[in-house]
Amino acid sequence: MDKKYNVAVVGATGAVGEELFRILEEVKFPIGELLPLASANSAGKTIEFKGQEYTVVELTESVFEEHDVDIAFFSAGGSISEKFAKYAVESGAVVIDNTSHFRMNPDIPLVVPEVNPEDIALWKKSGIIANPNCSTIQMVQSLKPLDDLYGIKRVDVSTYQATSGAGKKGMEELVTQMQDFFAFKLNESKKSAFPHQIALNVIPQVDKPMPSGFTKEEEKMVYETQKILHKEIQVAATCVRVPVLRSHSESITVTFDESIEVDVEKCREVIGNFENVEVIDNLPEGLYPMPIISTDTDLTYVGRIRRDIYNKNVLHFFNVADQVRVGAATNAVRIALKWIKLEDN
């Protein structure tokens, strides 16, 4: 009989937590006991999994030991991971953390399974595997085949990030503001999830400002990309919040060595052959990636692939992925499945 694993989900009632349950069910994850965990405020609520109701249990220091947890998914914010992940590790569980707290710790692998699965083996050093930033995940899935093909020197990226990147409250704020707009009372609409009105607007700030002049989100894309690809690639990001409910988009410019003459068809081929990436690229027919295509899927979509007009060593393209799934929950589950294979061998 195949081995079953006791699985805990910290942040069970949040947007990513809810998506985790959906994906665990879809992939028929080998679950023994399922333990939904959340704060005392959410304890006692119920979640549904495979047609059964499970009561949400309060997250405590001893809960992982009490339930003999094998795999603990953390999706409840960095401060929660900072405080409670160690108790899961001490109990013998592997922690797959969806927050930014552990990502740049040199002792903790930062993993996109299609890109650097070999790094999963480093989990034993800390007991933790970190899930990258959502924008980084979909970008490196596009970059890896190109780096293998030509060797990347520099990446310039502008993101178009959906409101779901700010969780349920972000999506709710967009919907509420649009309702207020049609009711002619947008001026009265509350602004709490974002620093400015998001309805009918774009906000060129995601996360807090940093001394570099970039935001924290933008710096995440720089340093996480380098860690995942094990390469000091130059990265410059501009992250923008847009009035879309779900799925992040990215406009990416890749610079290769000056000796490289980019073959667009070859680039299209290697990207399209990469695991969990699909090319949609027919501009005359109006076919290209958009959030409405990627939402609620587990693929990263790439299109508008074209060589620069002036520089033969520069490639431009557009990619889109559902950041709640590909950029968080799906990536975490894929890490867990690879970890299981590693442990079985």
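Residues numbered from 1 in each chain as written. Predicted model: local features only at pLDDT ≥ 70, side-chain atom pairs only at ≥ 80, totals over all residues. Heavy atoms only, no water.

1. Some thoughts on the overall build of the protein
Tallying secondary structure elements over the protein gives 9 helices and 14 strands in all. In terms of overall dimensions, the protein is globule-like: its C-alpha atoms have a radius of gyration of 20 Å, near the 20 Å expected for 345 residues. In terms of its C-alpha atoms, the protein occupies a principal-axis envelope of roughly 65 × 60 × 40 Å. The buried share of the protein, taken over its 345 residues, is 52%. Considering only contacts in the protein between residues 6 or more positions apart, those separated by 24 or more positions represent 68%. Accessible area of the protein: about 15800 Å², with a carbon and sulfur share of 49%. Computed over 36 positive and 51 negative side-chain charges, the separation of the two mean positions in the protein equals 2 Å. (Helix = DSSP H or I, 4+ residues; strand = E, 2+ residues; numbered from the N terminus. Rg over C-alpha atoms; globule rule 2.2 N^0.38 Å. Buried < 20%, exposed > 50% of the residue type's maximum accessible area, 1.4 Å probe, protein only. Contact = heavy atoms within 4.5 Å. Areas by Shrake-Rupley, 256 points an atom, 1.4 Å probe, with all protein chains shown as cover. Lys, Arg positive; Asp, Glu negative; His and termini not counted. Charge placed at Lys NZ, Arg CZ, Asp CG, Glu CD.)

2. Brief notes about the packing of helix α4 (residues 134–149) against helix α9 (residues 325–344)
Two packed helices can be described by the angle between their axes and the distance between those axes. It is the contact of α4 with α9, at a shortest axis distance of 8 Å, that shows an interaxial angle of 70°. Taken together, the axes of α4 and α9 lie roughly perpendicular to each other. Contacts between α4 and α9 pair C134, I137 and Q141 from the former with V326, G327, A328, N331 and R334 from the latter. Grouping the constituent residues of the contact of α4 with α9 by class yields 4 nonpolar, 3 polar and 1 charged. (Axes fitted to C-alpha atoms, helices over the stretch in contact; angles between N-to-C directions. Parallel < 35°, antiparallel > 145°, perpendicular 65-115°, else oblique. Nonpolar A, V, L, I, M, F, W, Y, C, P; charged D, E, K, R; others polar.)

3. Some thoughts on helix α7 (residues 264–272)
Taken together, the buried positions of α7 are V264, C267, R268, V270 and I271. For α7, the capping residue at the N-terminal end is D263, with a side-chain oxygen 3.1 Å from the backbone nitrogen of E265. (Polar contact = N/O pair within 3.5 Å; in protein donor to acceptor, adjacent residues only side chain to side chain.)

4. Side note on the sheet that holds strand β2 (residues 31–38)
Here we have 6 strands laid out as an open sheet, ordered β5-β2-β1-β6-β7-β8, and parallel in their pairing. Two strands lie at the open edges of the sheet, namely β5 (57–58) and β8 (128–130), each paired on one side alone. Direction of pairing for β2 relative to β5: parallel, over a ladder of 2 bridges. Bridge pairing in β5 places L37 opposite V57. On top of the sheet, helix α1 (residues 15–26) reaches β1 (5–10), β2 and β6 (71–74); it is set at about 155° to β1, its chief contact. Running over the sheet, helix α3 (residues 78–90) touches β1, β6, β7 (94–97) and β8 and is turned about 180° from β6. (Pairing = 2+ DSSP bridges.)

5. A closer look at the layout of surface pockets
Estimated volume of the largest pocket: approximately 1100 Å³. V16, G77, G165, A166 and G167 are, among the 47 residues lining the largest pocket, the residues nearest its centre. Elements supplying a minimum of two residues to the lining of the largest pocket: α1, α3, α5 (168–182), α6 (216–229) and α9. When its volume is computed, the second largest pocket comes out at roughly 170 Å³. Considering the residues around the second largest pocket, the lining is formed by S100, H101, R103, M104, N105, M210, K216, E219, K220, Y223 and E224. Taken together, the residues of the lining of the second largest pocket break down into 3 nonpolar, 3 polar and 5 charged. (1 Å grid on protein atoms, 1.4 Å probe; cavity = no way out; pocket = protein on both sides within 12 Å on 5 of 7 lines; lining within 4 Å. Points joined across faces, edges and corners; volume = space filled by probe spheres on them.)

6. Structural notes on the pairing of strand β9 (residues 152–161)
Strand residues, when the strand is regular, have side chains that alternate between the two faces of the sheet. Judged from the 8 bridges that link them, β9 and strand β11 (residues 248–256) form a sheet pairing that is antiparallel. Considered in β11, the bridge of D156 is made with T253.

7. With respect to the nonpolar core
Judged by nonpolar contacts, the single largest core of 57 residues is most densely connected at F64, F74, L146, F256, L315 and F317. Broken down by element, the residue count for this core peaks at 5 residues, all from α4. Residues contacting F317, with those up to four places away along its chain left out, are S142, L143, L146, E250, S251, I252, V254, V302, G303, R304, I305 and R306. Residues F29, A38, W123 and I340 belong to the second largest nonpolar core, which totals 30 residues. (Core = buried A, V, L, I, M, F, W, Y, C linked by side-chain atoms within 4.5 Å.)

8. A few points about the packing of aromatic side chains
Aromatic ring pairs are defined here through the distance separating the ring centres and the angle between the ring planes. In the structure shown here, the tally under the stated rule is 9 aromatic pairs. A centroid spacing of 6.1 Å and a plane angle of 70° characterise the contact between Y5 and W339, whose relative ring orientation is edge-to-face. Of this pair, Y5 sits in strand β1 while W339 sits in helix α9; the two residues are 334 residues apart in sequence, bridging distant segments of the chain. The class of W339 is buried, set by a relative accessible area of 7%. For the ring pair W123 and W339, a centre distance of 5.5 Å and an interplane angle of 80° mean the geometry is edge-to-face. A residue pair is termed long-range when its members are at least 10 positions apart, and W123 in the loop between β7 and β8 and W339 in helix α9 qualify at 216 residues. (Phe/Tyr/Trp six-rings, centres within 6.5 Å; stacked < 30°, edge-to-face > 60°.)

9. Some words on the pattern of salt bridges
When their charged atoms lie close together, side chains carrying opposite charge are able to pair. Applying the stated criterion across every chain, the model contains 20 salt bridges. Salt-bridge contacts for K125 lead to D107; the nearest nitrogen and oxygen are separated by 3.3 Å. One end of the pair, K125, is in the loop between β7 and β8; the other, D107, is in the loop between β7 and β8, with 18 residues separating them in the sequence. R325 is the partner of D298 in a salt bridge, and the nearest nitrogen-oxygen pair spans 2.9 Å. One end of the pair, D298, is in the loop between α8 (291–294) and β13 (300–307); the other, R325, is in helix α9, with 27 residues separating them in the sequence. Using a relative accessible area of 22% as the deciding quantity, one classes D298 as partly exposed. (Salt bridge = Lys/Arg side-chain N within 4 Å of Asp/Glu carboxyl O.)

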